[in-house]
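Structural characterization, general
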Amino acid sequence: MRFRTLAIAAALSAGITATGSAYAPQKGAERPVVAATRQPRLHRDVAWTAPQGALAALPSWQAMWDRDTEVPLRLWGPAIAAPRTTSDASAAEAFARQMLVQHIGLLAPGATSSDFVLVSNQLSPSGEVRTVGFRQRALGLPVVGGSIAFTFSHDKLSMMSSTALPNVTVRMPAAAMPIASLASSAKGWLSQAGYAVDIKAYGDRVIVPVVHSRGTRGHVDISYRVAETVTVESSRDPGAWHVWLDASNGAPIARESMLHFASGTVLYDTPDRWPGGTRTPKPAPNANHTIAAATATSLLDGTVTWAGTGPASVTPGLVGPTVRVSNKQGALATDTLSLTDGGSVTWSRATEEYADAQLTGFVATSFAKQYTRTRLNPDLAWLNSQIPVVVNESQTCNAYSTGNDIHFYRSGTQCENTGRLADVVYHEFGHSLHAQSIIDGAGSFDGSLSEGLADTLAASITHDHGMGRGFFKTNEPLRDLDPDGYEKKWPDDADGEPHNEGEIIGGTLWDLRKALEAKLGASAGDDRLLKIFYSIMQRASDIPSSYLEALLADDDDGDLSNGTPNQCEINAAFGAHGLADPSVTLGIEPPTRAGYKVSLTVRVPTQTACPPPAVTDVTLTWTPKGGSGGVIPLTAAGENWSANIPTQPDGTVVLYHVTVKLADGSSLQYPQNKADPEYQMYVGNVEKIWCADFEGGLGDWTVGGTVSTRVEFQAGAPMGLAGDPSEAYAGANVLGIDLGGDDGLYSSRVTQFAQSPEIDLMGHTAVRLQYYRWLNVEDGVYDPATVKINDQVVWQNQTSPDQESAGVSHTDREWRFHDIDLADKTATGKVSIKFELTSDQGLEFAGWNVDEVCLVIPGAPSELCGNGNVDTDEACDDGNMTDGDMCSATCQLETDDGGCCSAGTNPAGPLALGLFTLGFVVVRRRRRR
C-alpha cells in the first residue's frame, strides 16, 4: 500500500483523522509563505534561456531565468580565469566584488553594487569550491530573500547566482509603530487562521517583496513594503512564524512558517529502524554518565573511564555536549547499572514507550551528527553545539524541526512514537542540517527542497529507499524514493504540498545514487552522491535550481560548459524527474489525431554528449466506450510514428492512449493525466443545435457561488497562470477561473459556478454535450469539479474512495475533447449547462478552462471507406483500410494477385479501368476520419 504523506496542517491546526484502518491526514496545509492579501507565487517560473540580448556581456554563457523577476537564478558558461580565488578568501572576495560591479545590471536590475553586503566566503568540505555570498539591501534595509553569489572552482569563476529583487522602491514610514500595536496586529492575524500565539521576539525592519506569478503577462508583478518583523509561536500546538507588519500602520503583509514538519523512523538497546523490527545495543557517544559518583563523558564508541579497578555503579545519561534529550511526559528516564573493568553493560527500556523514545532519540541523533561530520562537512561548527531533542510530545503521528532543535510525538492508535523511529530522527535532523548548512547569499531554505533532502539523508544512512518504516506500526515505508513503475516529475507533481514535492528531488537523488554506484562502484558512487547532495543542500534555492548545483559539485575543472565527469548520469536522473534542461530531454511531443490516424513526433536532441534513451516501441491502446478494443503498434517513418484506429460505427465514442517505451526500460503514457488517462474520439457527423465560444464575453451565461465576492469564473484570454493554457483552443477567449487575476488559482472554501441560459432542444432527444477542457483540480475527495445538466451531475473529476487513498489530482496539460451523452436528460425539452467547482481549505489549482461548448445531435451518416457499408464511389467495404484482402485501402475490388484490375482481353476492360480510376480519384479526395 502507498500511504499519503503528512500535511503540515495535521499537526498545526486540523489534527489527525482516522479513516478506515490506516492513518490519513487532514487537508489544509498553509503555503510556506502566506500573504495577507494577494498570495505570492507558489514556485519560480523558470526558463532555460535568457531574453534576447540579456547576456551580451557574457557571450557563450547560459542562464536559468526567473521569468517572474527577470533575474538570472543561475548563470554558467565558459569559466573565467580567477587566480587564487579557490584557496585565498581575500582574492575571491575582491574578484566577486569586481564581477558584482561589472554585472550588477544583469544580476540585480535597478540596484547598485553598494546595495549588497558580504555575508559569506566559504570553502567546500572538499576544498575544491569556494562560494562568496552577498545579501541585498535598499535604503539601508535588508531586502528579504535578495542575494547574489559567485562560485569559484579550480581558480575560475564557474557560476553566478541571483535571487535579487529588481527595482526596489519603497516609501519610508515617518515614525516607528508602538510595540503593543505590532503585537496586537500579529496575534490578531494569526487568530483569524485559528492559531493562538505568543510573541517571542521583535526583529529587524526589512523590505518585504511579494512576488506574483507573471504568466504570459508582459510585466513583472512585485510589491515592496517596509515591514517590522515579529516572531510568534503557537501557545497550543507546534507552530512558529516570522510575521511581517507594515511599518507605517502595522497591517499584516505576510508570514513565513519556521517549522519544517516531516514524518519518519527513529531508533543504548534501541530499535535498528522501528520497535517492531530488530534491536541491537549501540554506543551512546558523547553522553554525560554518572559513574563511581563522578561525571564522565563517553567516547564515540561508548567507552568511559573511572577511578578504581573494581565494578562501578553507572547512571547512564541522556544529555551530552552535542545532544540534550527532553521528555515531555515527565522526568528523564534513569537506571543504575553495574559496569566491570573491561566489560560492557546494556541499558534497555525496550518495553516502555516513553523511555525507549528517549534512548533512541539520543542514539540516533548522535549517529546522524557523526555521519554528517565524517561524510558531509567536518568543518560545520553547528555540529559541535548541543542540539535539543524533545520526545514524547502530547500529539501523535508527526515530528518537526525548528531549524535547530528536533521534536517527536508519542504513539497513537495508528502511528508509532516518532522518537522510537530511526528514520524520523535522521529526517528531522536533516531539516536542521539543511538550515545550518545553507551558504548565506547563495542558497535558500525552501520547504519542498528540504523535505527531499531530509528524506535523502535518512535513506543515505539506512541504505534503503523506503523511508520511515514503522511509522504506521508496520514495515511499510512512509515514503518510497524509488517507487515501482512511477517517477514523480517537476512540475507535473508539484502540487504545493512540501512532502509530496520533496519526493521529486528525493527520487532524483536516489536514482542518481544507483547510476553512480553502477558506474563508479558502491563506495565511490556513494561518496560522489553525497558530495552532490551536500552541494545542493548548501547552495540550491529550490528544487529546480538543484540541477545546476549538482553539475557544479560534479565538475572537475571549473568550467561547466565543457561538461562534467558524470553529466550523463546527472542528466538522466534529473531529466527523468523533469529537472534537467529541456535540451537533454527526450524530444517527444504529445500525440495528435486526424480522423482515425493517431501520430506522435519524436525529435531526439542531437547536440549533446549524453543522448537520451531511444524510443523503441510506441503503441496505441483503444477501446469503444462500453466495448472491447485492442493494442496497435505505431509505425515509424523518420521522426513520425503513426497508426490508425479501426473504423467504428457512427455514434461510437472511442477511448485511447499512447504508450512510448524507451531503451532504458522506462515508458511514458499520453495523455499525462492519472485522473483521466484516456483521450476521447466521437465517430460520425454531428449537427450543432447550440454553441458558446465566449469570443464576445460571458454573454447570457450566469456566474455565482456560495461567496459572491470570491466568484472567479470569467470569459477572456487565458494567461498561462498556474497551469492554465496560454491560448484558447479556438479563437481568443475561453470560460475559465481567475484568467488574468492574482495567480490563476481558484479560491479556497468556496463553491462557484458558471451556468448557461436554458436552451431549447427543439424536440431533439439524442443530444450530446461536446466541448474542449483544460482542467486542473485536486482529487474530488477535496475539490470536486462537476458538469451539471439541469443541476444534475453528469461528470465529475476522479474522486478517490476516501482521504486515505486520495491524492490523484486532475491535471490536464493540453486541450482535451470531452463528450457527454445527455439522452436521459432531455425529457423536459430544455437544458442548462453548469460548470462548477467546490474547494476545501487548502491546496488550490488553476481550475476550469472550457472552450467551444456545444450541444449536438447526430448528423448525416458518414460516407467513409472502412465503415463496413458500401457507400457512394465504393466498390466494396470490408470494415478496414488494408490492402491485400480483396478489398483495397480505398474500398475498391482487388484481384487474387493484389492488383486493382486487369484490362486483359475482356472488351469491358478499358471501360472498367476508366470507371475505377474515376472512382479512385473521388475516394482519395474524401477526408478519412
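Scroll up a little and you will see the structure.
Overview of the structure. (Residues numbered from 1 in each chain as written. Predicted model: local features only at pLDDT ≥ 70, side-chain atom pairs only at ≥ 80, totals over all residues. Heavy atoms only, no water.)

1. Overview of the overall build of the protein chain
Threshold: In this description a helix means any DSSP run of H or I spanning at least four residues, a strand means any run of E spanning at least two, and both kinds are numbered starting from the N terminus. Residue burial is assigned from relative accessible area. The probe radius is 1.4 Å, only protein chains are included, and a residue is buried under 20% of its type maximum, exposed over 50%, and partly exposed in between. Throughout, the Shrake-Rupley method with a 1.4 Å probe supplies accessible areas, and for residues the shown protein chains are the sole cover considered.
Helix and strand content of the protein chain: twelve helices and 51 strands. Looking at the protein chain residue by residue over its 929 residues, the buried ones come to 55%. Carbon and sulfur atoms make up 51% of the accessible area of the protein chain, which amounts to about 36200 Å² in all.

2. Observations regarding the environment of Thr280
The line we're drawing: Two residues form a contact once any of their heavy atoms are found within 4.5 Å.
The residue Thr280 is located in strand 17 (residues 279-281) in this model. Take Thr280: its relative accessible area is 32%, and that puts it in the partly exposed class. Considered as a pair, Thr280 and Tyr268 are twelve residues apart in the sequence and their alpha carbons are 8.5 Å apart. Apart from the residues lying within four places of it in its own chain, the contact partners of Thr280 are Tyr268, Asp269, Thr270 and Asp272.

3. Quick notes on the sheet that holds strand 22 (residues 337-339)
Formally: In this description, strands pair whenever DSSP reports at least two bridges between them. Axis definition: a line fit to C-alpha positions, over the contact stretch in the case of helices; interaxial angles, taken between N-to-C directions, run 0 to 180 degrees.
Read across the sheet, four strands follow the order 19-18-20-22 without closing on themselves; strand pairing throughout is antiparallel. Looking at strand neighbours, the two that pair on one side only are strand 19 (294-297) and strand 22, the edges of this open sheet. Mean inter-strand twist for the sheet, computed between neighbouring axes without regard to direction, equals 40 degrees. Relative to strand 19, strand 18 (residues 288-291) runs antiparallel, the two sharing four bridges. For His289, the partnering residue across the bridge sits in strand 19 and is Ala296.

4. Quick look at the pairing of strand 25 (residues 406-410)
Among the five residues that make up strand 25, four are buried, leaving the element largely enclosed by the rest of the structure. Pairing of strand 23 (residues 387-396) with strand 25, which is carried by four bridges, proceeds in the parallel orientation. From the neighbouring strand, Glu393 faces strand 25, where its bridge partner is Tyr409. Of the strand pairs in this sheet, strand 24 (residues 399-401) and strand 25 are connected by three bridges, and their pairing is antiparallel. Within strand 25, the position partnered with Ala399 by the bridge is Phe408. From the end of strand 24 to the start of strand 25, which pair antiparallel, there are four residues, and Gly403 there has a positive phi angle of about 100 degrees.

5. So, the pattern of salt bridges
Worth spelling out the cut-off: Take a side-chain nitrogen of Lys or Arg and a carboxyl oxygen of Asp or Glu: if they are within 4 Å of each other, that pair is a salt bridge.
Scanning the entire structure with this criterion turns up 45 salt bridges. In this structure, Arg420 engages Glu416 in a salt bridge whose closest nitrogen and oxygen atoms are separated by 3.7 Å. Considered together, Arg420 and Glu416 belong to a single accessibility category, that of buried residues. With a closest N to O distance of 3.9 Å, Arg768 and Asp821 form a salt bridge. Here the residue Arg768 occupies a position in strand 43 (residues 768-773), and Asp821 occupies one in strand 48 (residues 816-821), the gap between them amounting to 53 residues. Take Asp821: its relative accessible area is 42%, and that puts it in the partly exposed class. The structure contains a network of salt bridges with shared partners spanning Arg41, Arg44, Asp66, Asp68 and Asp542.

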